[in-house]
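Overview (structure and organization)
Below, each chain spelled out in residue letters.
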Amino acid sequence: MATIHRGHIFHIAGSPLVLQASDALADLPDGALAIDDDGRIIWCGEWPDRPADLEGATVVDHGDAFILPGFIDTHMHFPQVYCGDSYGGGQLLEWLDNCIFPSESLLQDPEFAAQASAEWCDRMITAGTTTGLVFGSQFPAAQDLLFQTARDRGLRIVAGRTVQTVGPDSASALITSEDKAIELVREEIEKWHPLDDEARRDALQFVAVVPRFSLSVTTRTLEALGEVYDEYRDRGLYFTSHLNENARPGTGEIDSTKAMYGVDSYLDTYDGKFLPGSKQGGKSMLGPRSVMAHSVHCQDAELARMAETGTSIAHCPVSQLFLGSGTMPWKRTVAAGVNIAIGSDWSAGDEWFIPQVLNACFKVHISEAGDAGLSLHPAELLFTGTLAGARALDMDDRIGNFDVGKEADFVVLEPHRWEMYGRTLENVVKPADPITARDANLFAVLMLAREPALTETYVRGRRLTTSAA
Ligand SMILES: [Zn+2]
């Protein structure tokens, strides 16, 4: 028995690159998304055109609401669930020391971790984030709770314990020995990653290898993590970390990393070339299931290497504003051929709701200096928040848009649930040209949306509920 969700549908059809997103934009004002009992999309088009064999389908009429693909957040930190707008009185490294390391340490208390994992999944669901790439807790019991809660709720997550084998005193509770770190990473993979092909086809939860960043580990840790990654690479294991975020000269993240390892580029440390002079010391962790957060201050060679290996970027404009990290150069990064997905970077980013992260994305790139600045097309914004995220996670064959055969991850935005949104969309002057009118409408639907307007979140056709519901 099929179910049809009727509403105003927008999605980026097919498998375009970002510069082709406007050509691939599907705008179905009286749209119908038909789903089978397994949550797979069997048809998507205009309501009057629906095929005769859908006649008996159950219809869920969403009225004047918008139906968009579920948002994909490719960079977020579970143990920072209660750290939004933490004041560190400095920059990235001070913020970590004063706010983040102490907060992340609280998850060693299993009761607190249970509350945190429930809160985490609630926040993803209310924000319409159907898939998240998540830096996890250092405490195995907290990670078990995160995976189990995500499984119970039906959320898609890719997560892995945040590995830290060196660091300041403020991080002492988060640091393990190198041997222990590897043992715990292996245990997490064996417990929560779908290891055979069939399990992987059905799974919603996956594991990633996640060093916090190169400064939180050593050459020996990177070598051992590379071995683990390589061992499970063919079974869909993920890799993610931070890259080129904070460029404060001398003591900032990038200079400190290059000084600590003696490497030519930050990316080399994740590429197996972590020995002095960027000499090969182990296996590379780059590839089509690898995601580098931020990548604000990349060298040309780093962008080229990411493009060559199919490594994606999690672009986190809200977080970059919060920490004063600068802006990932959009045109240059796109020109290098690297896939750019979006990330909230909760809690350095103080916004869960991906349309608001895309809103910041638009603003920071129109504000880039000189020829670097551009006005992103609304379809490019939608692409970045949906299909690009699916591609970054090597899941674009199953999610990211409403192509037939994919799994139905989608959200419902009701314009009148947030007064200003509904009234503005209704009363705004509409351009005469139909394509311009379509683009202007999508622009406002995304940029003006606020979380209260997001009323329903579905993964694989199933409506997700929060713990309060
Ligand atoms: Zn981060």
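Computed from a predicted model, the values in this text were never measured in an experiment.

Definitions and cut-offs
Residues numbered from 1 in each chain as written. Predicted model: local features only at pLDDT ≥ 70, side-chain atom pairs only at ≥ 80, totals over all residues. Heavy atoms only, no water. Donors = N, O, S within 2.8 Å, 3.2 Å for Na, K, Ca; no water. Buried < 20%, exposed > 50% of the residue type's maximum accessible area, 1.4 Å probe, protein only. Salt bridge = Lys/Arg side-chain N within 4 Å of Asp/Glu carboxyl O. Helix = DSSP H or I, 4+ residues; strand = E, 2+ residues; numbered from the N terminus. Axes fitted to C-alpha atoms, helices over the stretch in contact; angles between N-to-C directions. Parallel < 35°, antiparallel > 145°, perpendicular 65-115°, else oblique. Left-handed = near helix turned anticlockwise from the far one by under 90°. Contact = heavy atoms within 4.5 Å. Nonpolar A, V, L, I, M, F, W, Y, C, P; charged D, E, K, R; others polar. Domains from an automatic or database assignment. Buried area = accessible area lost by both parts, 1.4 Å probe. Pairing = 2+ DSSP bridges. Polar contact = N/O pair within 3.5 Å; in protein donor to acceptor, adjacent residues only side chain to side chain. Phe/Tyr/Trp six-rings, centres within 6.5 Å; stacked < 30°, edge-to-face > 60°. Lys NZ or Arg CZ within 6 Å of the ring centre and 35° of its normal. Right-handed = clockwise from strand over helix to strand, strands pointing away.

1. Section: the coordination of the zinc ion
Coordination of the zinc ion by the protein involves His75 (NE2), His77 (NE2), His242 (NE2) and Asp345 (OD), with metal-donor separations of 2.1 to 2.4 Å. Counting along the primary sequence, the residues that act as donors to the zinc ion give the motif H-x1-H-x164-H-x102-D. His77 matches His75 in its accessibility class, with the two residues each being buried.

2. Considering the pattern of salt bridges
Under the counting rule described, the total for this entry stands at 27 salt bridges. Of the charged contacts, one joins Glu231 and Arg186 as a salt bridge, the two residues approaching to 2.9 Å between their closest N and O atoms. Taken together, the positions of Glu231 in helix H7 (residues 219-232) and Arg186 in helix H5 (residues 178-192) put the pair 45 residues apart, joining distant regions of the chain. For Glu231, a relative accessible area of 39% translates into the label partly exposed. Residue Arg186 is classed as partly exposed on the basis of its relative accessible area of 29%.

3. Some thoughts on the packing of H5 against H7
The contact between H5 and H7 brings their axes to 10 Å, and the two run at 20 degrees. The orientation of H5 with respect to H7, classified from their angle, is roughly parallel. H5 and H7 meet at a crossing whose hand is right-handed. Across the interface between the two elements, Glu178, Asp179, Ile182, Val185, Arg186, Ile189 and Glu190 of H5 pack against Arg220, Thr221, Ala224, Leu225, Val228, Glu231 and Tyr232 of H7. Looking at the contact of H5 with H7 residue by residue, the class counts come to 7 nonpolar, 1 polar and 6 charged.

4. Notes on the domain arrangement of the protein chain
Here the protein chain is partitioned into domain 1 (3-69 + 402-463) and domain 2 (71-368). Between domain 1 and domain 2, the C-alpha centre-to-centre distance is 31 Å. At the junction of the two partners, domain 1 supplies 20 residues and domain 2 supplies 24 residues. The junction of domain 1 with domain 2 conceals about 1,800 Å² of combined surface from both sides, 59% of it contributed by carbon and sulfur atoms. The three residues of domain 1 that bury the most area against domain 2 are Met447, Glu451 and Val459, which together make up 30% of that side's buried surface. Applying the counting criterion to the domain 1 and domain 2 interface returns 2 salt bridges.

5. Considering the packing of helix H3 (residues 110-127) against helix H4 (residues 140-153)
Remark: H3 packs on H4, axes separated minimally by 9 Å, with the N-to-C direction vectors making an angle of 35 degrees. Along this stretch, H3 crosses H4, giving a crossing that reads as right-handed. Residue-level inspection shows Pro110, Ala113, Ala114, Ser117, Ala118, Trp120, Cys121, Asp122 and Ile125 of H3 in contact with H4, the latter providing Ala142, Leu145, Leu146, Thr149, Ala150 and Arg153. Looking at the contact of H3 with H4 residue by residue, the classes come out as 11 nonpolar, 2 polar and 2 charged.

6. Digging into the side chain of Thr131
Along the chain, the position of Thr131 falls in strand S6 (residues 129-136). When sequence neighbours within four positions are dropped, the list of residues in contact with Thr131 reads Phe71, Ile72, Asp73, Met124, Arg156, Leu393, Ile399 and Asp409.

7. Looking at the sheet that holds S6
Sheet strands pair by backbone hydrogen bonding; their relative direction is either parallel or antiparallel. If you trace the 8 strands from one edge of the open sheet to the other, you get S5-S6-S7-S8-S9-S10-S11-S12, paired in parallel fashion. Edge strands, defined here as strands with exactly one partner in the open sheet, are strand S5 (71-77) and strand S12 (340-342). Each strand axis lies, on average, 25 degrees off the axis of its neighbour in the sheet, ignoring direction. Judged from the 5 bridges that link them, S5 and S6 form a sheet pairing that is parallel. Looking across to S6, one finds that Phe71 is bridged to Thr129. Sheet contacts for H7: strand S7 (156-163), strand S8 (205-211), strand S9 (238-243) and strand S10 (290-294); angle to S8, the most-contacted strand, approximately 155 degrees. Strand contacts of helix H12 (residues 354-366): S5, S6, strand S11 (312-315) and S12, with the helix running at about 130 degrees to S12, the strand carrying the most contacts.

8. Concerning the environment of Arg153
Mapped onto the elements, Arg153 comes out in helix H4. Residues Arg153 and Thr465 lie 312 residues apart in sequence; the distance between their C-alpha atoms is 7.0 Å. Looking at Arg153, its side chain comes within polar contact range of the side chain of Asp122, at 2.7 Å.

9. Section: the packing of aromatic side chains
What describes a pair of aromatic rings is the distance from one ring centre to the other and the angle between the planes of the rings. One pass over the structure, following the stated rule, counts 15 aromatic pairs. Their ring planes at 70 degrees and their centres at 6.4 Å tell us that Trp95 and Phe322 sit as a pair that is edge-to-face. Of this pair, Trp95 sits in helix H2 (residues 92-105) while Phe322 sits in helix H10 (residues 317-322), and the two are 227 residues apart along the sequence. Of the aromatic side chains, those joined through ring pairs into one cluster are Phe78, Trp120, Trp346 and Trp352. A cation over a ring is seen here: Arg50 above Trp47, with NZ or CZ 3.8 Å from the ring centre.

10. Some thoughts on unusual backbone geometry
Put simply, Trp346 and Ser347 share a cis peptide bond, and its omega is 15 degrees. Mapped onto the elements, Ser347 comes out in the loop between S12 and H12. Even without being a glycine, Asp85 presents a positive backbone phi close to 55 degrees. Position of Asp85 among the secondary structure elements: in the loop between S5 and H2. A relative accessible area of 48% means that Asp85 is categorised as partly exposed.

11. Here's the deal with the pairing of S10
Across the 5 residues of S10, 5 count as buried, placing the element largely inside the fold. Where S9 lies against S10, 5 bridges are found, and the strand directions are parallel. In the strand pairing of S10, His242 is matched with Ala293. Regarding topology, helix H8 (residues 253-261) serves as the crossover connection from S9 to the parallel S10, and that connection is right-handed. Relative to S11, S10 runs parallel, the two being bridged by 3 bridges. Each residue of the ladder has a partner; that of Ala293, found in S11, is Ala314. Taken together, S10, helix H9 (residues 300-309) and S11 form a β-α-β motif whose crossover is right-handed.

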